[in-house]
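# Summary of the model geometry
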Amino acid sequence: MLVLAHISDLHLDGSPRATERAERVRDRLWRLPGRVDALLVTGDIADHGTEAEYEEAARILGLRDGSAPFRVLTCPGNHDSRAPYRKALLGRPAADGPVNEVHVFDGGAVLMCDSSIPGSDEGELDEETYDWIEDTLDELDGERPAVLAFHHPPTALHHPLPDSCLLRAPERLTALLDRRPEISGVITGHAHTPAATAFAGRPLVVGPGVTWTLRLPWEGEQVADRDAPVGLAYHVLDGTGRLTSHFRTVM
């Protein structure tokens, strides 16, 4: 069994408010009494994509001092910038290509994929990323279930804001899922609202936002609920490849 904590959309911008909310959910996760295998952070880690914002993220997420009690897995979102992300968050040479990483566990594999398009709020898994996914799954040889995690949901969530900048060409992702039964589900962020649906016959789970929560059309005209508590999710991938998700708030 693989247990994954999940946060998204920190939008760190150097403000005390953004820092406090990120540290609040971090403190909850770091103090968990039971086993978690990894934390997924599905994009929009920085608000402006600056090195200073990623340096703060690295500090909060324990990526420099090793203070995290489990692995921390990240992927970029539309507010992120690949070169500063690589340099200041991951401690690697700056480069502008997609940031894709696989993380293998006894209970499964997590493919953190880059759906960002530089200069655009929309998302796309480009040719390089699709090739990487196929090659990575070939290397895993179907021996363990896998989940795909990236920023942009591939289907409408019934709010005009996130639905205006979804993943492009979702039919290509559908074709991939049809070919790859070892993919147990898709995990995303971007929408600032916890949501669960199905896509191409797989679970599609959208993580809540740390910085603010999206108000749905029937909840009022104001889009951003900045007073809502910080949200997080837990995903359990069991030995049969079934993905189960739970949602929590942090006051």
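Here, the structure is the one placed above.
Scope of this entry: the structure provided in the associated data block. The structure presented is a predicted model; accordingly, all values stated were derived computationally and were not measured.

What counts, and where the lines are drawn
- Residues numbered from 1 in each chain as written.
- Predicted model: local features only at pLDDT ≥ 70, side-chain atom pairs only at ≥ 80, totals over all residues.
- Heavy atoms only, no water.
- Helix = DSSP H or I, 4+ residues; strand = E, 2+ residues; numbered from the N terminus.
- Rg over C-alpha atoms; globule rule 2.2 N^0.38 Å.
- Buried < 20%, exposed > 50% of the residue type's maximum accessible area, 1.4 Å probe, protein only.
- Contact = heavy atoms within 4.5 Å.
- Areas by Shrake-Rupley, 256 points an atom, 1.4 Å probe, with all protein chains shown as cover.
- Lys, Arg positive; Asp, Glu negative; His and termini not counted.
- Charge placed at Lys NZ, Arg CZ, Asp CG, Glu CD.
- Axes fitted to C-alpha atoms, helices over the stretch in contact; angles between N-to-C directions.
- Parallel < 35°, antiparallel > 145°, perpendicular 65-115°, else oblique.
- Left-handed = near helix turned anticlockwise from the far one by under 90°.
- Nonpolar A, V, L, I, M, F, W, Y, C, P; charged D, E, K, R; others polar.
- Pairing = 2+ DSSP bridges.
- 1 Å grid on protein atoms, 1.4 Å probe; cavity = no way out; pocket = protein on both sides within 12 Å on 5 of 7 lines; lining within 4 Å.
- Points joined across faces, edges and corners; volume = space filled by probe spheres on them.
- Patch = residues over 30% accessible without salt bridge, like charges linked within 9 Å, V, L, I, M, F, W, Y side chains within 5 Å.
- Salt bridge = Lys/Arg side-chain N within 4 Å of Asp/Glu carboxyl O.

### What about the overall build of the protein?
Looking only at helices and strands, the protein has six helices and 15 strands in total. Rg of the C-alpha trace for the protein: 17 Å, near the compact-globule value of 18 Å for 251 residues, within the 12% margin. Burial statistics for the protein: of 251 residues in total, 58% are counted as buried. The long-range fraction of contacts in the protein, counting pairs at least 24 apart against all pairs at least 6 apart in sequence, stands at 67%. Accessible area of the protein: about 10,600 Å², with a carbon and sulfur share of 49%. Positive and negative charge centroids in the protein, built from 24 and 40 side chains respectively, lie 6 Å apart.

### As for the packing of helix H1 (residues 16-30) against helix H2 (residues 51-60)
In a packed pair of helices, the relevant descriptors are the angle between the two axes and the axis-to-axis distance. Where H1 contacts H2, the axes come no closer than 10 Å and their chain directions differ by 25°. Accordingly, the angle class assigned to the pair H1 and H2 is roughly parallel. Note on packing geometry: the crossing formed by H1 with H2 is right-handed. Residues Thr-19, Ala-22, Glu-23, Arg-26 and Trp-30 of H1 pack against Glu-56, Arg-59 and Ile-60 of H2. Residue classes in the contact of H1 with H2 are distributed as three nonpolar, one polar and four charged.

### Some points on the sheet that holds strand E4 (residues 101-105)
Strands sit in the order E4-E5-E8-E9-E11-E10 across an open sheet of six strands; the sheet is mixed. Two strands lie at the open edges of the sheet, namely E4 and strand E10 (195-199), each paired on one side alone. Neighbour-to-neighbour, the strand axes of this sheet turn through a mean angle of 20°, independent of strand direction. As paired strands, strand E9 (residues 183-188) and strand E11 (residues 202-206) are joined by three bridges and run parallel to one another. Bridged to Thr-188 within E11 is Val-206. Its contacts with the sheet put helix H4 (residues 127-140) on E4, strand E5 (108-112), strand E8 (146-149) and E9, and the angle it makes with E5 is roughly 165°.

### Description of the layout of surface pockets
One number sums up the size of the largest pocket: a volume of about 300 Å³. Taken together, 19 residues line the largest pocket, and the ones lying closest to its centre are His-11, Asp-47, His-79, His-192 and Trp-212. Counting residues per element, the ones that place at least two in the lining of the largest pocket are H1 and helix H5 (160-163). Split by residue class, the lining of the largest pocket holds six nonpolar, seven polar and six charged.

### Some points on a negative patch on the surface
Side chains of Glu-128, Asp-131, Asp-135 and Glu-139 sit close together on the surface and give a patch of like negative charge. Following the sequence through the fold, Asp-135 ends up in helix H4. What makes Asp-135 partly exposed here is its relative accessible area of 43%.

### Describing empty space enclosed by the protein
The tally for this structure, following the rule as stated, stands at one cavity of 30 Å³ or more. The computed volume of the largest cavity comes to approximately 30 Å³. Lining the largest cavity, in full, are Ile-7, Leu-10, Ala-22, Val-25, Arg-26, Leu-39, Ile-60 and Leu-61. Broken down by element, the lining of the largest cavity gets its largest block of residues, three residues, from H1.

### Details of the sheet that holds strand E15 (residues 243-250)
Spatially, the five strands line up as an open sheet ordered E3-E2-E1-E14-E15, and their pairing is mixed. In the strand order of this sheet, the two ends are held by strand E3 (71-75) and E15, each with one partner. When strand polarity is set aside, the average angle formed by the axes of neighbouring strands in this sheet is 25°. By the bridge criterion, five bridges tie strand E2 (residues 38-42) to E3 in an arrangement that is parallel. The partner of Val-41 across the bridge, within E3, is Thr-74.

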